[in-house]
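Close look at the chain arrangement
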Amino acid sequence: METLTHAPVLARFGYAISDPTRARTLLALADAPAYPSDLADSLGVSRQSMSNHLACLRGCGLVVAVPDGRRTRYELADARLGHAIQDLIGVVLAVDPSCCAPDGTCLP
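Keep in mind it's a predicted model, so treat the numbers as computed, not measured.

1. Brief notes about the confidence of the model for the protein chain
Per-residue confidence for the protein chain gives a mean pLDDT of 91, with 99% of residues at or over 70. Across the protein chain, helix α3 (residues 36–43) holds the top mean pLDDT of 98, while helix α1 (residues 7–17) sits lowest at 86.

2. Observations regarding the pattern of salt bridges
Applying the stated rule across the entire model yields four salt bridges. With a shortest N-O distance of 3.7 Å, Asp68 and Arg73 are connected by a salt bridge. Relative accessible area serves as the criterion here: at 33%, Asp68 is assigned to the partly exposed category. With relative accessibility at 22%, the residue Arg73 sits in the partly exposed group.

3. Digging into the side chain of Thr25
Mapped onto the elements of the fold, Thr25 is located in helix α2 (residues 20–31). Every residue in contact with Thr25, bar those within four places of it in the chain, is listed here: Leu39, Leu43, Met50, Leu54 and Leu57.

4. Details of the packing of aromatic side chains
How two aromatic rings sit relative to each other is given by the distance of their centres and the angle of their planes. Per the counting criterion, the structure on display carries zero aromatic pairs. One residue, Arg22, lies across the ring of Tyr15, its end atom 4.7 Å from the ring centre.

5. Details of α2
Over its twelve residues, α2 extends 17 Å from the first C-alpha to the last, a length consistent with the 16 Å expected when each residue adds 1.5 Å. Taken residue by residue, α2 has Thr21, Arg22, Ala23, Thr25, Leu26 and Leu29 as its buried positions. Elements in contact with the buried residues of α2: α1, α3, α4 (47–59), β1 (63–68), β2 (71–76) and α5 (79–89). Capping the start of α2 is the job of one residue whose side-chain oxygen sits 2.9 Å from the backbone nitrogen of Thr21: Asp19.

The rules behind these values
Residues numbered from 1 in each chain as written. Predicted model: local features only at pLDDT ≥ 70, side-chain atom pairs only at ≥ 80, totals over all residues. Heavy atoms only, no water. pLDDT = per-residue confidence, 0-100. Helix = DSSP H or I, 4+ residues; strand = E, 2+ residues; numbered from the N terminus. Salt bridge = Lys/Arg side-chain N within 4 Å of Asp/Glu carboxyl O. Buried < 20%, exposed > 50% of the residue type's maximum accessible area, 1.4 Å probe, protein only. Contact = heavy atoms within 4.5 Å. Phe/Tyr/Trp six-rings, centres within 6.5 Å; stacked < 30°, edge-to-face > 60°. Lys NZ or Arg CZ within 6 Å of the ring centre and 35° of its normal. Expected span 1.5 Å × (residues − 1). Polar contact = N/O pair within 3.5 Å; in protein donor to acceptor, adjacent residues only side chain to side chain.

Right, here's the structure in full:
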């Protein structure tokens, strides 16, 4: 494993939340740990898709898998991530529509 700090952490976090399903997964896990099947059902995605997103989030170091009997529960890797997520969703941005598309991508 490699340990990251500062800008690389922000880059990983930015990549993780750039996908709507991963962003919604992190929001759900900020509320409480959950099982993949429950996350898939609550977010309306397939279990395979959720598995892929959780693998990405785990690889980015943002979530951890916790064995729970025959199942695996997922939770945020660091409790401070939950606070950071809550702080971020409270931010209000003034966006120039000529520079940013409604989905958040930058326009040329």
